[in-house]
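# Inside the fold
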Amino acid sequence: MAGDHTARDRHLFGAGPKRLLSLDGGGVRGVISVAFLERIEALLSAQAGVDARLGDWFDLAGGTSTGAIIATGLALGKSTRELKDIYHQLAPHAFRRSRFRIPFLQPKFDVAGLRREIEAIVGDQTLDSPALRTGLGIVAKRVDTASLWIVANNPRAPYWETPRDGNFIGNREYKLTNLLRASTAAPTYFEPESIPILEKAHGLFIDGGVSPHNNPALALFMMTQLKPYGLCWETGRDKLTIVSIGTGGYRQRLDRAALGRMQNITVALHALKTVMDDSQGLALALMQWFGESPTPWLVNSEMQDLMHDLFPAGPLFRFLRYDVRLESVWLTEHLGVTLSEKDLARVREMDNPDSIPLAYEIGRLAAERQVKPEHWNGEAQTPRPPL
């Protein structure tokens, strides 16, 4: 596709310090991430004296599932206000139950509503669209080959161009609508997304959260370092900043009193659900160990927050993690918020549009406390070097 990719290429390949934004999956709880981004955007705008757009500030924005939608919106130059409006408008239409759904045999929601809302955001644009003003990474899981796909608008990456023999369709030709649908195709919620991979063959994709990378920070960092991707960004606390934003987590506990009455399949399904939490915990532990973080999070009671465990080679980056714990004690102690059991259960749901106002308010309160001006001092004035 012809077009001016100067902005994208300056971010991906230009010299100077780099900034990476990683956004977790989490359905409608993505509005919590938007609240944190809103606070960051406000701080940068105050520094610069003009309205800042995070798509101009970050050199690579990537996400899983709902995080992929946010990252794409930022890469297209949307403001956080626009993103917040998108969530209020998108969710009621996207999470609309199928009228003739057969429980346990068909997805919970009709995918047509979600597709329409995604198309309203990205139109008919491809991954090679010049409208993407910075680097973009989208995480999805291809189930027919059991492979993780992190598709980026990086023209130096493998599989970017369609080869002359037509052995596969190059990533640059993929429609953003299809990629975002693939990344958000949560099993049991939406049907998988079929994307043309060859002229007469399709790949079948599901939500990228069904992988070790619902928190994609580690995977995106590796993309900036490994030689096949052709980026090879410099590392160091003054050369690379990684910002990772969550959608609210909580420990999925199992009632021991009820455990004996549960069928084996129920216990097995619960165990599978917790694998995502384990993977997120591992990603957080590695990122805090590899980097220098003024926002350390408790990994677990044994590791603590790794503040006193330094990576032997020194910090590879500055790491900022913003998130909330959707647990009563944490919300009370850290935000002064007390929720009924009913409201707590509601805000934990990934598919309930009615929870968006409460989830946003929790994110806003957390952002006021966690996103400190000193984390961003001078950042708005740091220039983007030319290619």
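Note on numbering: residues in each chain are counted from 1, in written sequence order. For a predicted model such as this one, the threshold for reporting local features is a pLDDT of at least 70, and the threshold for listing and counting side-chain atom pairs is 80 or more; totals across whole chains, interfaces and linings nevertheless cover every residue. Based on all heavy atoms of the structure, the side-chain values leave hydrogens and waters out of the count.

Numbering of helices and strands starts at the N terminus; helices are DSSP runs of H or I of at least 4 residues and strands are runs of E of at least 2. Counting its secondary structure elements, the protein chain contains 13 helices and 8 strands. Counting across all 387 residues of the protein chain, residues that qualify as buried make up 51%. Contacts: residue pairs with any heavy atoms within 4.5 Å of one another. If you take every contact in the protein chain between residues at least 6 apart in sequence, the share linking residues at least 24 apart comes to 72%. Per-residue accessibility takes into account occlusion by the displayed protein chains alone, with areas from the Shrake-Rupley method and a 1.4 Å probe. Split by element, the accessible area of the protein chain, about 18400 Å² in all, is 54% carbon and sulfur. Residue burial is assigned from relative accessible area. The probe radius is 1.4 Å, only protein chains are included, and a residue is buried under 20% of its type maximum, exposed over 50%, and partly exposed in between.

This brings us to unusual backbone geometry. Look at Cys-232: it is not a glycine, yet its phi comes out positive at around 50 degrees. Topologically, Cys-232 is positioned in the loop between helix 8 (217–225) and strand 7 (240–245). For Cys-232, a relative accessible area of 41% corresponds to the partly exposed category. A positive phi angle, near 65 degrees, is found at Leu-306, a position not held by glycine. Position of Leu-306 relative to the elements: it lies in the loop between helix 10 (264–290) and strand 8 (318–322).

Further remarks concern the pairing of strand 4 (residues 147–152). When DSSP finds at least two bridges between two strands, those strands are taken to pair. Pairing of strand 3 (residues 135–142) with strand 4 involves 6 bridges; the strand directions are antiparallel. What sits directly across from Arg-142, in strand 4, is Ser-147. Between strand 3 and strand 4, which follow one another and run antiparallel, lie 4 residues, and Ala-146 among them has a positive phi close to 50 degrees.

This part takes up the pattern of salt bridges. Here, a salt bridge means any side-chain nitrogen of Lys or Arg that lies within 4 Å of a carboxyl oxygen of Asp or Glu. On inspection of all chains with the given rule, the structure shows 19 salt bridges. Across the pair Arg-8 and Asp-128 runs a salt bridge, and its minimum N-O distance is 3.2 Å. With Arg-8 in helix 1 (residues 6–13) and Asp-128 in the loop between helix 6 (111–122) and strand 3, this pair connects stretches of sequence that are 120 residues apart. The partner of Lys-84 in a salt bridge is Glu-38, with the nearest N and O atoms 3.4 Å apart. On the criterion of sequence distance, the pair formed by Lys-84 in helix 5 (residues 80–94) and Glu-38 in helix 2 (residues 30–48) is long-range, its members being 46 residues apart. Glu-38 carries the same exposure label as Lys-84, and that label is buried. By sharing partners, the salt bridges in this structure join Arg-8, Asp-9, Asp-128, Glu-161 and Arg-172 into a single network.

For patch detection, residues must exceed 30% relative accessible area and be free of salt bridges, and they are connected within 9 Å for like charges or within 5 Å for nonpolar side chains (Val, Leu, Ile, Met, Phe, Trp, Tyr). On the surface, Leu-269, Leu-272 and Val-275 cluster together to form a nonpolar patch covering roughly 280 Å² of accessible area. Residue position: Leu-269 is located in helix 10.

Where strand 5 (residues 193–198) lies against strand 6 (residues 201–207), 5 bridges are found, and the strand directions are antiparallel. Paired with Glu-193 across the two strands is Phe-205, which belongs to strand 6. Hairpin connection between strand 5 and strand 6: a loop of 2 residues separates the two successive antiparallel strands.

Our focus in this paragraph is the environment of Pro-212. Structurally, the position occupied by Pro-212 is in the loop between strand 6 and helix 8. Measuring from C-alpha to C-alpha, the distance between Pro-212 and Asp-277 comes to 9.1 Å, with 65 residues separating the pair along the chain.

What follows covers the packing of aromatic side chains. Planes of paired rings set the category: under 30 degrees apart is stacked, over 60 is edge-to-face and the rest tilted, where pairs are Phe, Tyr or Trp rings (Trp by its six-membered ring) whose centres lie within 6.5 Å. Overall, the coordinates contain 12 aromatic pairs when judged by the stated rule. Each ring, one from Trp-149 and one from Phe-205, has its centre 5.0 Å from the other, and the planes form 80 degrees; the classification is edge-to-face. Of this pair, Trp-149 sits in strand 4 while Phe-205 sits in strand 6; the two residues are 56 residues apart in sequence, bridging distant segments of the chain. We classify Phe-205 as buried; its relative accessible area is 2%. Feature note: the residues Trp-57, Phe-58 and Trp-376 constitute an aromatic cluster, connected by ring pairs. Whether a charge sits over a ring depends on NZ of Lys or CZ of Arg being within 6 Å of the ring centre and within 35 degrees of the ring normal. The ring of Phe-13 has Arg-156 sitting right over it, with the charged end atom 3.7 Å from the ring centre. The ring centre of Tyr-250 lies 4.1 Å from the NZ or CZ of Arg-348, which sits over that ring.

The pLDDT value expresses, per residue, how confident the predictor is, ranging between 0 and 100. Confidence in the prediction of the protein chain, expressed as mean pLDDT, is 89, and 90% of residues score 70 or more. Within the model, pLDDT remains below 50 along residues 381–387, and this stretch shows 19 contacts once partners closer than five positions in the same chain are excluded.

A few words on the environment of Leu-272. Along the chain, Leu-272 falls in helix 10. Along the primary structure Leu-272 and Val-210 are separated by 62 residues, whereas in three dimensions their C-alpha atoms are 9.9 Å apart.

Our focus in this paragraph is the side chain of Thr-241. As for its placement among the helices and strands, Thr-241 is situated in strand 7. When near neighbours in sequence (up to four residues on either side) are disregarded, Thr-241 contacts Lys-18, Arg-19, Leu-20 and Arg-318.

Bringing the packing of helix 2 against helix 4 (residues 66–75) into the picture now. Interaxial angles span 0 to 180 degrees and are taken between N-to-C directions of axes, which are lines fitted to C-alpha atoms, for helices over the stretch in contact. Contact geometry of helix 2 with helix 4 gives a least axis separation of 9 Å together with a crossing angle of 35 degrees. Here helix 2 runs over helix 4; the crossing is right-handed. Residue-level inspection shows Gly-30, Ser-33, Val-34 and Leu-37 of helix 2 in contact with helix 4, the latter providing Thr-66, Ile-70 and Leu-74. Split by residue class, the contact of helix 2 with helix 4 holds 4 nonpolar, 3 polar and no charged. Handedness of a crossing is defined here by the sense of rotation of the near helix relative to the far one, left-handed for an anticlockwise turn of less than a right angle and right-handed for a clockwise turn. Charged means Asp, Glu, Lys or Arg here, nonpolar means Ala, Val, Leu, Ile, Met, Phe, Trp, Tyr, Cys or Pro, and polar covers whatever is left, Gly included.

So, about the packing of helix 6 against helix 7 (residues 176–183). In the contact formed by helix 6 and helix 7, the axes pass within 9 Å of each other and the chain directions differ by 135 degrees. As the angle between them shows, helix 6 and helix 7 are arranged oblique. Pair helix 6 / helix 7 crosses with right-handed handedness. Within the contact between the two elements, helix 6 uses Val-111, Leu-114, Arg-115, Ile-118, Glu-119 and Val-122 and helix 7 uses Leu-176, Thr-177, Asn-178, Leu-180 and Arg-181. Its residues placed into classes, the contact of helix 6 with helix 7 shows 6 nonpolar, 2 polar and 3 charged. Here is the rule for angles: anything less than 35 degrees is roughly parallel, anything more than 145 is roughly antiparallel, 65 through 115 is roughly perpendicular, and the remaining ranges are oblique.

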